[in-house]
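# Residue-level structure breakdown
As a plain string of letters, each chain reads:
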Amino acid sequence: MRYGRARLTAIAIGVLALAVVQATASRAAPARGVLVCTWGGTPDAPTGVFTASPGITDTPSTGPIEFTATGELGEGCTGRLTFRGVLDPGTSCLVGMPFLATATGFPPIRYAEGTIGAVGTAPVVMYDADGNVVGSEQAQFLTDVLDDSDCNTPEGLTRANWSDTLELFP
């Protein structure tokens, strides 16, 4: 079993590395008019707080997991953005399942929808009250998730620090 986890982790890290290279390249030169700002600090100093109930473990969940992600905005944005939502069944510390969340604290973002993400990442599209896409974000939980033994406990990971970059479209 341990060999299986190591192999899955290696595969997930490889996939993540390819995604990060592509995401980094696209963020290096944002489109004209796009506002880019931080949310929840930086990868070197994450200040965002993520909570989950029930906790997230290495075993895929059999039911939905309620979560909150909140953090201060910086580098071009001001305020405190908070997502409150539900992760779909199947979520684990190795794979995040899709989610839907309401957003408060930073208009025009009113809700967010996440897709499947590997090992502490979650690609997210953000919408306004009318359902128009207003931006995207890529949460980064790698600081806590890969080094967190809470994933191996019956209670699971119930709290983690993270950082993020928001891209808001004109």
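Residues numbered from 1 in each chain as written. Predicted model: local features only at pLDDT ≥ 70, side-chain atom pairs only at ≥ 80, totals over all residues. Heavy atoms only, no water.

With that out of the way, let us pick up the overall build of the protein chain. Along the backbone of the protein chain there are two helices and 14 strands. A buried classification covers 42% of the 170 residues belonging to the protein chain. Taking the contacts inside the protein chain whose residues are at least 6 apart along the sequence as the reference set, 51% of them involve residues at least 24 apart. (Helix = DSSP H or I, 4+ residues; strand = E, 2+ residues; numbered from the N terminus. Buried < 20%, exposed > 50% of the residue type's maximum accessible area, 1.4 Å probe, protein only. Contact = heavy atoms within 4.5 Å.)

This next bit is on the pairing of strand β4 (residues 48-56). Here β4 runs beside strand β13 (residues 157-162); their pairing, made up of five bridges, is antiparallel. Bridge pairing links G48 to W162 in β13. (Pairing = 2+ DSSP bridges.)

Okay, the pattern of salt bridges next. All chains considered together, the criterion is met by one salt bridge. With a closest N to O distance of 2.6 Å, E72 and R80 form a salt bridge. (Salt bridge = Lys/Arg side-chain N within 4 Å of Asp/Glu carboxyl O.)

With respect to the secondary-structure elements, D128 resides in the loop between β11 (121-127) and β12 (133-140). Among buried charged residues, D128 stands out as having no salt bridge; its nearest opposite-charge side chain is R110, 8.3 Å away. One polar contact links the side chain of D128 to the main-chain amide nitrogen of G131, over a distance of 3.0 Å. Not counting residues within four places of it along the chain, the set of residues in contact with D128 comprises P108, R110, Y111 and V134. (Lys, Arg positive; Asp, Glu negative; His and termini not counted. Polar contact = N/O pair within 3.5 Å; in protein donor to acceptor, adjacent residues only side chain to side chain.)

On to the side chain of T82. Of note, T82 is situated in strand β6 (residues 80-87). Here T70 takes part through its side chain, which lies 2.7 Å from a polar atom of the side chain of T82. When residues no more than four places from it in sequence are discounted, the contact partners of T82 are W39, T68, A69, T70, T102, A103 and T104.

Moving on: the packing of aromatic side chains. Tallied over the full model, the rule gives five aromatic pairs. Here W39 and W162 contribute two aromatic rings whose centre-to-centre distance is 4.6 Å and whose plane-to-plane angle is 80°, an arrangement assigned as edge-to-face. Taken together, the positions of W39 in strand β1 (residues 35-39) and W162 in strand β13 put the pair 123 residues apart, joining distant regions of the chain. Comparing W39 with W162 shows no difference in burial state: the two are buried. Here the aromatic rings of Y111 and Y127 are separated by 4.8 Å at their centres, their planes lie at 15°, and the arrangement is stacked. A residue pair is termed long-range when its members are at least 10 positions apart, and Y111 in strand β9 (residues 111-114) and Y127 in strand β11 qualify at 16 residues. Taking the relative accessible area as the measure of exposure, Y127 reaches 14% and is therefore buried. (Phe/Tyr/Trp six-rings, centres within 6.5 Å; stacked < 30°, edge-to-face > 60°.)

Our next topic: the environment of T102. Mapped onto the elements, T102 comes out in strand β8 (residues 99-104). Overall, T102 belongs to the partly exposed group, its relative accessible area being 47%. Sequence separation of T102 and T82 is 20 residues, and the distance between their C-alpha atoms is 8.1 Å. Excluding anything up to four places from it in sequence, T102 contacts T82, F83, R84, R110 and Y111.

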